[in-house]
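For reference, the chains in residue letters:
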Amino acid sequence: MLKGKTALVTGSTSGIGLGIALTLARQGADVVLNGFGEFEAARASVAETGVKVGYHGADMSRPDEIAELVAYANKDFNGIDILVNNAGIQHVANVEDFPVEKWDAIIAINLSSAFHTTRLAVPGMKARNWGRIINVASAHGLVASAQKSAYVASKHGIVGFTKAVALETATTGITCNAICPGWVLTPLVQKQIDDRASREGITVEEASRDLLGEKQPSLQFVTPEQLGELAVFLCSPGAANVRGVAWNVDGGWVAQ
Ligand code: NAD
């Protein structure tokens, strides 16, 4: 279905970004990966699907490096048809203890990076009159939790940004939507589980069960593959008039 399209997925060396990149590749999309850490394994797993795969290590907190990433996708691929703004970080602390540099980094990576990729990708999408912008927000884009002020602000911000871009592109072949996952077992969440286990003197299994029990009525983690399948739907002709939604995939978290 996506043969001939190029998807840029930010923060795709692990977790949800890698899951979405793989699912889009299985539909035939060429993929530009981005993110920190070991990237060869991610690149190899996407390449196994037979599509063209690239990688650029831009730091998504830096507008100059984001511009280089988009230039790379324009030069080595045929522009960006599908933009998945996924890179994100977390930090947990009460607001009065929240490190200022952590606040700035979370807003830059989780929110401002999507502004920069979008402003740079939209002209090419407009020229081709086709584009899909998918912002990976969170259940925390719809409701809050204590000790996550920067994360919640960034995710509510990206839901608002999604709606504004959807309106600006409403008469075009470009759509902009947000996916709002609940708990997904990735390195970002594993750290919170490990911290909880050592703080409360319980096992990792108990901490994991408590984390789900608090928020996620399904008591099951959402998987990166499930989020990838929703991204594929948002890229399909059937979703051509799905515009500006913030679609929760959260085991019932925000239904409560
Ligand atoms: P993860 O830690 O597994 O992956 C994050 C990715 O972002 C990695 O590839 C990492 O290298 C990359 N990254 C981090 N900082 C970067 C930077 N400055 N520049 C470039 N890349 C950077 O986390 P994840 O759980 O897969 O999170 C992906 C997205 O999903 C995030 O936006 C997160 O907020 C969101 N999300 C996660 C969950 C969850 O339960 N895991 C729930 C809701 C939303």
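A brief structural summary. (Residues numbered from 1 in each chain as written. Predicted model: local features only at pLDDT ≥ 70, side-chain atom pairs only at ≥ 80, totals over all residues. Heavy atoms only, no water.)

## Quick word on the overall build of the protein chain
Within the protein chain one finds eight helices and seven strands. A globule of 256 residues ought to have a C-alpha radius of gyration of about 18 Å, and the protein chain, at 18 Å, matches this closely. Going through the 256 residues of the protein chain one by one, you find that 52% of them count as buried. The contacts of the protein chain with a sequence gap of at least 6 include a subset with a gap of at least 24, amounting to 68%. Surface accessibility of the protein chain: about 11,100 Å² in total, with carbon and sulfur atoms responsible for 55%. Looking at the protein chain, you have 21 positive and 25 negative side-chain charges, and the mean spots of the two groups are 8 Å apart. (Helix = DSSP H or I, 4+ residues; strand = E, 2+ residues; numbered from the N terminus. Rg over C-alpha atoms; globule rule 2.2 N^0.38 Å. Buried < 20%, exposed > 50% of the residue type's maximum accessible area, 1.4 Å probe, protein only. Contact = heavy atoms within 4.5 Å. Areas by Shrake-Rupley, 256 points an atom, 1.4 Å probe, with all protein chains shown as cover. Lys, Arg positive; Asp, Glu negative; His and termini not counted. Charge placed at Lys NZ, Arg CZ, Asp CG, Glu CD.)

## Topic: the pairing of strand E5 (residues 131-136)
With six of its six residues buried, E5 lies for the most part within the structure. Both faces of E5 are covered, namely the face carrying Gly131, Ile133 and Asn135 and the face carrying Arg132, Ile134 and Val136. Bridging between strand E4 (residues 82-85) and E5 involves four bridges; their strand directions are parallel. Across the sheet, valine 84 pairs through a bridge with isoleucine 134, a residue of E5. (Pairing = 2+ DSSP bridges.)

## Examining the packing of aromatic side chains
Scanning the entire structure with this criterion turns up four aromatic pairs. Summarising the aromatic geometry, the rings of tyrosine 72 and phenylalanine 77 are spaced 6.2 Å apart at their centres and angled 65 degrees between planes, so their arrangement reads as edge-to-face. You can call phenylalanine 77 buried: its relative accessible area is 5%. Cation over ring: lysine 5 sits above tryptophan 130, and NZ or CZ is 4.0 Å from the ring centre. (Phe/Tyr/Trp six-rings, centres within 6.5 Å; stacked < 30°, edge-to-face > 60°. Lys NZ or Arg CZ within 6 Å of the ring centre and 35° of its normal.)

## Comments concerning the layout of surface pockets
For the largest pocket, the calculated volume is near 1,400 Å³. Forming the walls of the largest pocket are 50 residues, and the residues nearest its centre are Ile89, Gln90, Leu188, Val189 and Gln192. Secondary structure elements with two or more residues in the lining of the largest pocket: helix H1 (15-26), helix H4 (100-128), helix H5 (149-168), helix H6 (187-200) and helix H7 (204-215). Among the elements that make up the lining of the largest pocket, the one with the highest residue count is H6 (nine residues). Taken together, the residues of the lining of the largest pocket break down into 20 nonpolar, 19 polar and 11 charged. A domain-level breakdown of the lining of the largest pocket finds at least three residues from each of domain 1 (6-182 + 222-249) and domain 2 (183-221). (1 Å grid on protein atoms, 1.4 Å probe; cavity = no way out; pocket = protein on both sides within 12 Å on 5 of 7 lines; lining within 4 Å. Points joined across faces, edges and corners; volume = space filled by probe spheres on them. Nonpolar A, V, L, I, M, F, W, Y, C, P; charged D, E, K, R; others polar. Domains from an automatic or database assignment.)

## Re H6
Three or four residues apart is the spacing at which side chains of an α-helix point the same way, because the helix has 3.6 residues per turn. For H6, spanning 14 residues, the distance from its first C-alpha to its last is 20 Å, which sits close to the expected 20 Å at 1.5 Å a residue. Looking at H6, one finds that the buried residues are Val189, Gln192, Ile193, Arg196 and Ala197. For H6, the angular spread of the buried residues around the axis is 135 degrees, confining them to a single face. In this structure, H6 carries Pro187, Lys191, Ser198 and Arg199 as exposed residues pointing more than 90 degrees from its buried face. Check the buried side of H6 and you find it contacts H7. Positive backbone phi, approximately 65 degrees, marks glycine 201, located one or two places after H6. (Expected span 1.5 Å × (residues − 1). Arc of directions from axis to C-beta.)

## Topic: the packing of helix H3 (residues 63-76) against H4
Where H3 meets H4, the axes come as close as 10 Å, and the angle between the chain directions of the two elements is 40 degrees. By the angle between their directions, the pair H3 and H4 is classed as oblique. The two elements H3 and H4 cross, and the hand of that crossing is right-handed. Judged by residue contacts, Pro63, Ile66, Ala67 and Val70 of H3 engage Ser113, His116, Thr117 and Leu120 from H4. (Axes fitted to C-alpha atoms, helices over the stretch in contact; angles between N-to-C directions. Parallel < 35°, antiparallel > 145°, perpendicular 65-115°, else oblique. Left-handed = near helix turned anticlockwise from the far one by under 90°.)

## Focus: the packing of H6 against H7
Their axes nearest at 8 Å, the elements H6 and H7 cross at an angle of 115 degrees. Taken together, the axis directions place H6 and H7 in an arrangement best described as roughly perpendicular. By crossing handedness, the relation of H6 to H7 is classed as right-handed. Packed against H6, whose contacting residues are Val189, Gln190, Ile193, Asp194, Arg196, Ala197 and Glu200, the element H7 presents Val204, Ala207, Ser208, Asp210, Leu211 and Glu214 at the interface. Tallied by class, the residues present in the contact of H6 with H7 amount to six nonpolar, two polar and five charged.

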